[in-house]
Amino acid sequence: YAAFTLCFSPPVESARNSQTSAQDAVDLPPSCLQFAQSTSEGGELMQALRADGSAVSYARLGQFYLEGGEADCALRALQNAVSKDASLWKAHYGLGLALLQRGEAQRAVEELRLVVQHTPQDSMAHNALGLGLEEMRAYDSAEQEFKTALDLDPQFDVACFNLAHVLGAQKK
């Protein structure tokens with residue numbers, strides 16, 4: 001994310017005014033803005049978003065929130081990304097993960113089904129879809145998604161573990 005760092009910093013006197021107007025321009029709650037500003041990486045991502053307001057910048061910030069365990073902020077950022085560019089499948093994938101983190105399995109499954117329809121070779125998307133289906137107790141469908149993930153990437157240890165877990169839940 002360092003490539004998105006601005007080459008200069010505003011003078012101390014104008015930094016407060018600049019931050020206030022930038023917060024108005026970014027469609028995220030204040031708590032999300034504060035979390036992002038709490039790290040240098042988050043600050044750089046916010047600078048990039050303020051500079052271009054693009055779907056990609058929102059998606060990168062959403063990924064940052066996901067990695068930081070901030071599912072609500074991730075959800076908001078990724079919804080913004082998808083609304084700006086519906087063909088940004090990594091943002092849809094992240095949105096599905098955020099929904100899973102929030103315990104919204106049905107919505108996550110709907111989002112992740114879109115992802116696997118458009119990116120059928122994405123083993124991680126199949127694995128995530130399997131997790132959502134397992135959460136909904138659709139074990140046969142979850143099993144199939146985990147198997148697909150492993151067919152695509154036989155070294156995908158997490159998918160192997162998830163498959164074993166769902167097979168155990170079915171007593172297979």
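For the structure, check the block above.
Because the structure is predicted, anything quoted here is derived from the model rather than measured.

K.L.:
Would you explain the pattern of salt bridges in this entry?
P.N.:
Note on pairing: side chains with opposite charge can pair once their charged atoms come close. For the structure shown, the criterion picks out 6 salt bridges. Note that Lys 90 is salt-bridged to Asp 122, the shortest N-O span being 3.7 Å. Here Lys 90 is found in helix α6 (residues 89–101), whereas its partner Asp 122 is found in the loop between α7 (105–118) and α8 (123–135), with 32 residues between them in sequence. Given the relative accessible area of 57%, Lys 90 is considered exposed. In this structure, the salt-bridge partner of Glu 104 is Arg 107, at a minimum N-O distance of 2.6 Å. A single salt-bridge network, built from bridges that share partners, covers Asp 72, Arg 102, Glu 104 and Arg 107.

K.L.:
What am I meant to see in the side chain of Glu 134 here?
P.N.:
Within the secondary structure layout, Glu 134 lies in helix α8. Despite its burial, Glu 134 remains without a salt bridge, the nearest opposite charge being carried by Arg 137 at 8.5 Å. Beyond its immediate stretch of four places on either side in the chain, Glu 134 contacts Tyr 139, Ala 142, Phe 146, His 165 and Val 166.

What counts and what doesn't
- Residues numbered from 1 in each chain as written.
- Predicted model: local features only at pLDDT ≥ 70, side-chain atom pairs only at ≥ 80, totals over all residues.
- Heavy atoms only, no water.
- Salt bridge = Lys/Arg side-chain N within 4 Å of Asp/Glu carboxyl O.
- Helix = DSSP H or I, 4+ residues; strand = E, 2+ residues; numbered from the N terminus.
- Buried < 20%, exposed > 50% of the residue type's maximum accessible area, 1.4 Å probe, protein only.
- Lys, Arg positive; Asp, Glu negative; His and termini not counted.
- Contact = heavy atoms within 4.5 Å.

Nothing here speaks to function; it is geometry throughout.
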